[in-house]
Amino acid sequence: AQAWARKARMGELKKDPFEALAVEGELRYYSIIVAITVAVAYGNATPRALTMIGLGSADGTLMEFAKIPAFALLAAGLGSGLVNAIVFAPPKRRNSFVWGIKGLMGGPLAVRQLRELKELKTVGESEAE
């Protein structure tokens, strides 16, 4: 029974702190910047607030231009989530769901982070080294 348990444990992937579903560090800062940009670009109170401080106009031209970077950041996050989950995570034995969410929240920074990580090894592979 112990030999079977040991053999089963040898096939498990090693624990890695990057496999936790946590958006930390630069990924968190990126997601905050995206949230603020989207809130300003698509918020209902933004035109009134800009008019109150003297930056807005009645035709809303500034608001239309603010939607461009907000949309670009949203598209980058969606694309990064898909690329992480489908392209980069599986060959490295990483959890596609976790890295898809990290890509969605952290955008291109999460893609860079995943590309810099090495392939996960099993307990048996790491003990053999």
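Residues numbered from 1 in each chain as written. Predicted model: local features only at pLDDT ≥ 70, side-chain atom pairs only at ≥ 80, totals over all residues. Heavy atoms only, no water.

1. Points about the packing of aromatic side chains
Counted by the stated rule, this structure contains 0 aromatic pairs. Note that Lys102 overlies the ring of Trp99, its terminal NZ or CZ placed 4.5 Å from the centroid. (Phe/Tyr/Trp six-rings, centres within 6.5 Å; stacked < 30°, edge-to-face > 60°. Lys NZ or Arg CZ within 6 Å of the ring centre and 35° of its normal.)

2. Overview of the packing of helix 5 (residues 96-106) against helix 6 (residues 108-116)
At a closest axis distance of 6 Å, the pairing of helix 5 and helix 6 adopts a crossing angle of 140°. Relative to helix 6, helix 5 is oriented oblique. Contact residues: Trp99, Lys102, Gly103 and Gly106 in helix 5; Pro108, Leu109, Ala110, Gln113 and Leu114 in helix 6. For the contact of helix 5 with helix 6, the class distribution of residues is 5 nonpolar, 3 polar and 1 charged. (Axes fitted to C-alpha atoms, helices over the stretch in contact; angles between N-to-C directions. Helix = DSSP H or I, 4+ residues; strand = E, 2+ residues; numbered from the N terminus. Parallel < 35°, antiparallel > 145°, perpendicular 65-115°, else oblique. Contact = heavy atoms within 4.5 Å. Nonpolar A, V, L, I, M, F, W, Y, C, P; charged D, E, K, R; others polar.)

3. A few points about unusual backbone geometry
In this structure, Arg93 takes a positive phi of about 60° despite not being glycine. Along the chain, Arg93 falls in the loop between helix 4 (61-88) and helix 5. For Arg93, a relative accessible area of 33% translates into the label partly exposed. (Buried < 20%, exposed > 50% of the residue type's maximum accessible area, 1.4 Å probe, protein only.)

4. Observations regarding the nonpolar core
Listed in full, the 5 residues of the largest apolar core are Ala89, Val98, Trp99, Leu114 and Leu117. Not counting the four nearest positions on each side in its chain, Ala89 is found in contact with Asn84, Arg94, Asn95, Ser96, Trp99 and Leu114. (Core = buried A, V, L, I, M, F, W, Y, C linked by side-chain atoms within 4.5 Å.)

5. Description of the packing of helix 4 against helix 5
Packed helix pairs are specified by the crossing angle of their axes together with the interaxial distance, meaning the distance between the axes. Their axes nearest at 7 Å, the elements helix 4 and helix 5 cross at an angle of 160°. Taken together, helix 4 and helix 5 sit at an angle that is classed as roughly antiparallel. The handedness of the crossing between helix 4 and helix 5 is right-handed. Of the residues in helix 5, those in contact with Gly77, Leu78, Ser80, Gly81, Asn84 and Ala85 of helix 4 are Ser96, Trp99, Gly100, Gly103 and Leu104. (Left-handed = near helix turned anticlockwise from the far one by under 90°.)

6. A short note on the pattern of salt bridges
Between side chains of opposite charge, a pair can form as their charged atoms come close. Applying the stated criterion to the full structure yields 5 salt bridges. Across the salt bridge formed by Glu19 and Arg94, the nearest N and O atoms sit 3.2 Å from each other. Placement of Glu19 in the loop between helix 1 (2-10) and helix 2 (26-42) and of Arg94 in the loop between helix 4 and helix 5 is noted, with a sequence separation of 75 residues between them. Glu19 sits in the buried class, given a relative accessible area of 18%. (Salt bridge = Lys/Arg side-chain N within 4 Å of Asp/Glu carboxyl O.)

7. Structural notes on the environment of Leu82
Turning to its location among the elements, Leu82 is positioned in helix 4. Among the residues examined, Leu82 registers a relative accessible area of 49% and is labelled partly exposed. The sequence separation of Leu82 and Ser96 amounts to 14 residues, and the corresponding C-alpha distance is 9.2 Å.

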